[in-house]
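# Fold and contact review
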Amino acid sequence: MNEIQQRIFELKKQQDAVILAHNYQLPEIQDAADFVGDSLDLCLNAKKTTAKTIVFCGVDFMAEAAAALNPEKLVLHPDNTACCPMAAMLPPATVIEAKKQHSGAPVVLYINTLASAKFHADALCTSANAVNVIRRFKEKDILFGPDKNLAYYVQKQLPEKTIIPLPREGHCIVHNHSILLEDVQLLKEEHPNALVLAHPECIPEVQAISDYILSTNGMLHKAKGLSAKAFIIATEEGICYRLKKENPGKNFYKMESALCRNMKKIIAGRLIASLEKKQFEVKVEEKIAARMRELIEEMLKVNRSN
Ligand code: 13P
Ligand code: SF4
């Protein structure tokens with residue numbers, strides 16, 4: 001254990017803290033964390049931890065979910081400017097307006113949304129269970145946001161439904177703009193035996209040439225379970241650290257420019273400062289937090305689809 005890891009370990013013990021980190025976090029954060037996972041796995045771990053303090057290494061909506069699930073605990077976010085730009089693309093007013101225009105259509109929101117927008121949802125999902133969450137509704141028309149590419153993926157899996165994207169052009173800047181068809185095609189030419197694992201936030205053209213479309217934990221399970229030795233990873237590059245660590249005999253080719261700057265704002269120094277100074281506390285207004293708890297607990301009952 002190096003000096004930084006030792007310091008984090010001591011502080012964690014002193015504060016009775018658990019460190020939860022998303023799969024896109026920097027290696028130094030993944031190595032210091034008690035749990036590393038996708039959005040769904042992190043909600044589960046936030047719900048079941050008995051630690052007094054949760055330090056959430058990820059972006060704002062993930063830390064807010066942990067805070068909503070644990071009103072009695074101290075939830076810290078080491079950098080409170082680490083926000084998901086896609087979540088900001090769906091203000092609550094857009095949800096309210098869409099509900100008026102499509103009365104009777106349930107609103108299913110991706111967990112990558114603002115807490116204030118979640119308040120108006122009928123269900124939440126992550127990339128791992130979006131298909132199964134939407135399948136549960138008897139209604140044909142479903143309002144779904146904010147990611148148009150995840151909406152496209154769900155629509156393909158559930159042709160009996162009409163998925164109405166909310167807003168029309170919501171997207172992740174990393175997956176939508178930094179993982180282009182040409183990038184994936186080039187890697188496929190260079191590594192013809194490699195399988196392509198893509199996140200459903202990728203554009204339809206990338207989804208079409210992928211072997212599997214998966215959440216980040218889905219990628220970890222698939223890479224481990226398949227006998228293939230090489231994979232092209234069409235998502236944020238941070239997950240390749242964990243893929244390689246857990247599969248040392250396999251090769252993972254990453255999309256070099258697919259880097260989420262917000263995820264990468266959490267660095268070891270900020271994690272240490274967070275534990276030392278108990279910063280930055282994540283607070284969700286109780287009325288909104290209570291609704292989020294109901295929605296997340298309902299979501300956690302749904303099986304993974306990918
Ligand atoms: P996962 O839930 O699949 O980890 O994805 C979260 C995310 O933010 C993808 O950009
Ligand atoms: Fe948001 Fe995209 Fe970053 Fe995920 S990778 S946190 S969706 S900006």
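Residues numbered from 1 in each chain as written. Chains lettered and ligands numbered in written order. Predicted model: local features only at pLDDT ≥ 70, side-chain atom pairs only at ≥ 80, totals over all residues. Heavy atoms only, no water.

### Focus: the nonpolar core
The biggest cluster of nonpolar side chains holds 95 residues, and the ones touching the most others in it are Phe-144, Val-154 and Ile-233. A total of eight residues in this core trace back to one element, the largest contributor, which is helix α4 (residues 60–69). With near-sequence residues (within four places) excluded, Phe-144 lies in contact with Val-108, Tyr-110, Cys-125, Ile-134, Leu-150, Ala-151, Ile-163, Ile-164, Pro-165 and Leu-166. Within the second largest apolar cluster, 18 residues are counted, among which are Ile-8, Ala-21, Ile-29 and Ala-32. (Core = buried A, V, L, I, M, F, W, Y, C linked by side-chain atoms within 4.5 Å. Buried < 20%, exposed > 50% of the residue type's maximum accessible area, 1.4 Å probe, protein only. Helix = DSSP H or I, 4+ residues; strand = E, 2+ residues; numbered from the N terminus. Contact = heavy atoms within 4.5 Å.)

### Overview of the layout of surface pockets
In this structure, the largest pocket encloses a volume near 390 Å³. Tyr-24, Cys-172, His-175, Glu-201 and Cys-260 are, among the 33 residues lining the largest pocket, the residues nearest its centre. No other element matches the four residues that helix α9 (residues 173–177) contributes to the lining of the largest pocket. Looking at the lining of the largest pocket, its residues break down into 17 nonpolar, twelve polar and four charged. (1 Å grid on protein atoms, 1.4 Å probe; cavity = no way out; pocket = protein on both sides within 12 Å on 5 of 7 lines; lining within 4 Å. Points joined across faces, edges and corners; volume = space filled by probe spheres on them. Nonpolar A, V, L, I, M, F, W, Y, C, P; charged D, E, K, R; others polar.)

### With respect to empty space enclosed by the protein
Counted according to the given criterion, the structure contains one cavity of 30 Å³ or more. Counted as a void, the largest cavity has a volume near 50 Å³. Lining the largest cavity are Ser-39, Leu-42, Cys-43, Phe-56, Phe-61, Met-62, Ala-65 and Ile-111. Counting residues per element, the ones that place at least two in the lining of the largest cavity are α3 (39–48) and α4.

### What about the confidence of the model for the protein?
On average, residues of the protein score 98 in pLDDT, and 100% of them are at 70 or above. At the low end of the mean pLDDT range in the protein sits helix α1 (residues 3–15), at 96; at the high end sits strand β11 (residues 230–234), at 99. (pLDDT = per-residue confidence, 0-100.)

### A closer look at the pairing of β11
Across the five residues that make up β11, a large majority, five, are buried. Going residue by residue along β11, you find Ala-230, Ile-232 and Ala-234 tucked away on one face and Phe-231 and Ile-233 tucked away on the opposite face as well. In terms of strand pairing, strand β9 (residues 195–198) meets β11 through four bridges, oriented parallel. Considered in β11, the bridge of Ala-198 is made with Ala-234. Where β11 meets strand β12 (residues 251–254), four bridges bridge the pair, whose relative direction is parallel. Each bridged residue has a counterpart across the sheet, and for Ala-230 the counterpart in β12 is Asn-251. What joins β11 to β12 is helix α13 (residues 239–246), and the crossover it makes is right-handed. (Pairing = 2+ DSSP bridges. Right-handed = clockwise from strand over helix to strand, strands pointing away.)

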